[in-house]
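Fold and contact review
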Amino acid sequence: MTHTRTRLERGRNALGPALELVHTGRAPTRAVLTTALGVTRATAGAVASELQTLGLITVDSRPGGATGSHGRPSHRLSIDPGGPVALAAQVHADGYRAALVGLGGQLHATTPACTTVPADPRQIIGQIVAAGADLLRASGRPCVGAGLAVPSAVAEPEGTALNPLHLAWRAGAPVREIFNDCLAEAGLAVPGYCGNDVNLAALAEHRHGAGRGAAHLLCVATGHRGVGGALVLDGRLHSGSAGLALEVGHLTVDPAGRPCHCGSRGCLDVETDPLALLDAAGRQPGPEGSLLDQARDLLATEYGSDPAVRAAAHAVTDRLGLGLAGLVNILNPDRIILGGLHRWLLAADPDRLRGAVQARSLWGRRSGTVPVTACTLDYNSLVGAAELAWQPVLDDPLAALPG
C-alpha cells in the first residue's frame, strides 16, 4: 500500500494529462498511457487506478487483446459510462438545445426547443437552464459544471456577447453572468462558462471528431443563421487578445452582394448561410423547422432533380470556396473542416468546392490543396460547451472534484 501511495504521489501531476489522453481517445490501453506520459508502468497503473476511484474511467481487471509496446496484452481504459456529466447549452437563432455530456464527448441526454429567442437573454437562458436541470434530475448523475454556446463573439474576460447579430440581444449582453445567475437560481452549485458557438464546435471536433491530429485546424460553419470560423493551433483554441478572433463571417466574397447585418455587403455571413441558399433557389422559408433544417432538406431531396436548386447550390459553393481560399492564404491551415450547411454543400459536390479552394489559394496551386472535410459531430457546439466545463477536471481532477 505504501509503495502504491508513493507512486500516486509521484504521479499526481500526471492525473490531468492522463485523463485528457483517455478523454480524447489517445490512450485506449494502460500500455499506451505509460508511453504517452513517459512514466513507469507502476506509476501509470497507480494513476489509472486513481482516475477509476474518482469515477472517471474504468480499467479492465484483466489484460485484454490490445497489446502494449512489447506485444504484451494490456489493460483497456474506457470512460466510466456511469460517471459525472457536464450540462451543455446552446442558443441559436431558432431556439435552444440543452444536453448532458460526459467525458469523451459522449451525449447522454438532450432536449431541443424551437422558439423565438426574446430580446432579454435572461429569459431564454433561464429556459435552457431549467431544461438542463430537468435532464440532470432525471439522470441522477453528478454535474461538474456547465457551458453555454452563443452565436456571438464573447469578449474575455468580461464574458459579454459583443455582436449577437442574428438575435435581438443588445450588444455587450453579460451572458456569462446571466448564465451563472440562472444556474444558481435553479439550485445548480456549479461554475458556468460561455463561448462562441463555432469556436466551441472547433474545439469539440479537434478533440473528438474530424479535427483530431490537426496542428493548424480551421473550422468554418454556418449556424442556423450566419457563418462563423475558428482556429485551433496545437490543440489550443486561438481566440485572439480578447476572445474576438476569426470573425470570418464578415469576409467579403461579393462586393455587390446582399446587405449584411454588420453594415457591409456580400459577407460570407449572408452569402453562404441557409437563408442565402433558400433565396438563391427561389424558396420562401417555411414556418416549420429551422432554416438550417430546411436548407439541408432542400439539398437532400432536390439537388439531383431540380436545376434551380443545383444552380443555387453551385453559386453558394463558389462563394464559399472564394472565402476559404482567402483564409488559406492568410492562415495556412493543415486542415479545414466544415459544419452546418457547408458540410452538406461539400457532400453535394466535393470536387467543386475543393477545386475552388485549390484554384484560388496560393499554397493550393503550389503544393496541393489543403484537406477539406466535413465535421463529424452532430452537436459539436454542445460538446464544445461541455469541454469548457470539463477543462478544470482535465487540468486537475483531484482539485476539481469533491473529495
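Structural data are supplied above this passage.
The shown structure was predicted, so the numbers you read here are calculated from the model rather than taken from an experiment.

What follows concerns the overall build of the protein chain. Of regular secondary structure, the protein chain possesses 16 helices and 14 strands. With the C-alpha coordinates aligned to their principal axes, the bounding extent of the protein chain is approximately 75 × 55 × 40 Å. Burial statistics for the protein chain: of 403 residues in total, 52% are counted as buried. Restricting the contact set of the protein chain to residue pairs at least 6 apart, pairs at least 24 apart contribute 62%. Counting only carbon and sulfur atoms, one obtains 51% of the accessible surface of the protein chain, whose full area is about 17,000 Å². Both charge centroids of the protein chain, one from 33 positive and one from 35 negative side chains, sit 9 Å from each other.

Residue proline 157 is bonded to the preceding glutamate 156 through a cis peptide linkage, with omega at 5 degrees. We note that leucine 246 has phi near 65 degrees; this positive angle belongs to a residue other than glycine. Among the secondary structure elements, leucine 246 is positioned in the loop between strand S12 (236-238) and helix H8 (268-271). In this model, asparagine 332 sits at a positive phi of 50 degrees, which is unusual for a non-glycine residue. Tracing the backbone through its elements, the reader meets asparagine 332 in the loop between helix H11 (307-331) and strand S13 (335-339).

Next up on the list: the packing of aromatic side chains. Inspection of every chain in the model, using the stated rule, returns zero aromatic pairs. Over the aromatic face of tryptophan 344 sits the side chain of arginine 296, whose NZ or CZ is 5.7 Å from the ring centroid.

A separate point is the sheet that holds strand S9 (residues 192-196). Pairing in this open sheet of five strands is mixed, and the strands run S5-S4-S3-S6-S9 from one edge to the other. For this open sheet the edge positions go to strand S5 (107-114) and S9, each flanked by a neighbour on one side alone. Here the strands of the sheet are splayed against their neighbours by 15 degrees on average, with no regard to which way each runs. Direction of pairing for strand S4 (residues 95-101) relative to S5: antiparallel, over a ladder of seven bridges. By the bridge assignment for S5, leucine 100 is matched with alanine 109. Sheet strands touched by helix H6 (residues 175-185): strand S3 (85-92), strand S6 (143-150) and S9. Its angle to S9, the strand with the most contacts, is close to 145 degrees.

Right, let's talk about the pairing of strand S11 (residues 227-233) for a bit. For S11, the buried fraction is high: six of the seven residues fall into the buried class. Bridging between strand S10 (residues 216-222) and S11 involves seven bridges; their strand directions are antiparallel. Within S11, the position partnered with threonine 222 by the bridge is valine 227. Connecting the antiparallel pair S10 and S11 is a turn made up of four residues, with glycine 226 showing a positive phi of about 80 degrees. Pairing analysis gives three bridges linking S11 to S12, with the strands arranged antiparallel. Note that in S12 the partner of leucine 233 across the bridge is arginine 236. Adjacent in sequence and paired antiparallel, S11 and S12 are bridged by two residues, among which aspartate 234 carries a positive phi angle near 50 degrees.

Pairs can form between side chains of opposite charge once their charged atoms are near each other. Taken as a whole and assessed by the stated rule, the structure comprises 14 salt bridges. Note that glutamate 271 and arginine 258 form a salt bridge whose closest N and O atoms lie 3.0 Å from each other. Of this pair, glutamate 271 sits in helix H8 while arginine 258 sits in the loop between S12 and H8, and the two are 13 residues apart along the sequence. Residue classification places glutamate 271 among the buried residues on the basis of a relative accessible area of 1%. Under the relative-accessibility criterion, arginine 258 is labelled partly exposed at 24%. Aspartate 378 is the salt-bridge partner of arginine 343, the closest N and O atoms lying 3.5 Å from each other. A residue pair is termed long-range when its members are at least 10 positions apart, and arginine 343 in helix H12 (residues 341-348) and aspartate 378 in the loop between strand S14 (372-374) and helix H15 (380-395) qualify at 35 residues. By relative accessible area, aspartate 378 is classed as exposed at 60%. One continuous salt-bridge network, built from bridges that share partners, spans Arg258, Glu271 and Arg319.

Cut-offs applied
- Residues numbered from 1 in each chain as written.
- Predicted model: local features only at pLDDT ≥ 70, side-chain atom pairs only at ≥ 80, totals over all residues.
- Heavy atoms only, no water.
- Helix = DSSP H or I, 4+ residues; strand = E, 2+ residues; numbered from the N terminus.
- Buried < 20%, exposed > 50% of the residue type's maximum accessible area, 1.4 Å probe, protein only.
- Contact = heavy atoms within 4.5 Å.
- Areas by Shrake-Rupley, 256 points an atom, 1.4 Å probe, with all protein chains shown as cover.
- Lys, Arg positive; Asp, Glu negative; His and termini not counted.
- Charge placed at Lys NZ, Arg CZ, Asp CG, Glu CD.
- Phe/Tyr/Trp six-rings, centres within 6.5 Å; stacked < 30°, edge-to-face > 60°.
- Lys NZ or Arg CZ within 6 Å of the ring centre and 35° of its normal.
- Pairing = 2+ DSSP bridges.
- Axes fitted to C-alpha atoms, helices over the stretch in contact; angles between N-to-C directions.
- Salt bridge = Lys/Arg side-chain N within 4 Å of Asp/Glu carboxyl O.

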